[in-house]
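# Structure assessment
Here is how the chains run, residue by residue.
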Amino acid sequence: MSTQTFDVVGMTCGHCASAVTEELKALDGVSDVQVDLVAGGTSAVTVAADRELTPAEVTSALDEAGDYSLAR
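Our subject in this report is the structure included herewith. (Residues numbered from 1 in each chain as written. Predicted model: local features only at pLDDT ≥ 70, side-chain atom pairs only at ≥ 80, totals over all residues. Heavy atoms only, no water.)

### Brief notes about helix H2 (residues 55-65)
Along H2, the positions that sit buried rather than exposed are Val58, Ala61, Leu62 and Ala65. Along the axis of H2, the buried residues cluster in a sector spanning 100°; they form a single face. Set apart from the buried face of H2 by more than 90 degrees, the exposed residues are Ala56, Asp63 and Glu64. (Buried < 20%, exposed > 50% of the residue type's maximum accessible area, 1.4 Å probe, protein only. Helix = DSSP H or I, 4+ residues; strand = E, 2+ residues; numbered from the N terminus. Arc of directions from axis to C-beta.)

Rendered as structure tokens:
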């Protein structure tokens, strides 16, 4: 089991957090997603999976969810 935390920008509300959670949970091997929402700031998104996710996979899921991206 792997737990990774990603800093995500662009989320402003609960709907944003739900969209990101849904897309990340759709990735192969992901069992849980927790979002610590900081509206208009940098939110911490913690993902539990049976493998390490690549930044490219996470970026793709964020793109599918909406106008969200990994913090630089």
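### Section: the sheet that holds strand E2 (residues 30-36)
Reading across the sheet, the 4 strands line up as E2-E3-E1-E4 and stay open at both edges, with antiparallel pairing between neighbours. Whereas interior strands pair on both sides, the edge strands pair on one side only; in this sheet they are E2 and strand E4 (69-70). By the bridge criterion, 2 bridges tie strand E1 (residues 2-9) to E4 in an arrangement that is antiparallel. Note that in E4 the partner of Val8 across the bridge is Leu70. Relative to the sheet, helix H1 (residues 14-25) contacts E2 and strand E3 (42-49), its axis offset from that of E2 by approximately 160°. (Pairing = 2+ DSSP bridges. Contact = heavy atoms within 4.5 Å. Axes fitted to C-alpha atoms, helices over the stretch in contact; angles between N-to-C directions.)

### Quick look at the side chain of Thr21
Take Thr21: it is sitting in helix H1. You can call Thr21 buried: its relative accessible area is 17%. Not counting residues up to four positions away in its chain, the partners in contact with Thr21 are Val33 and Val35.

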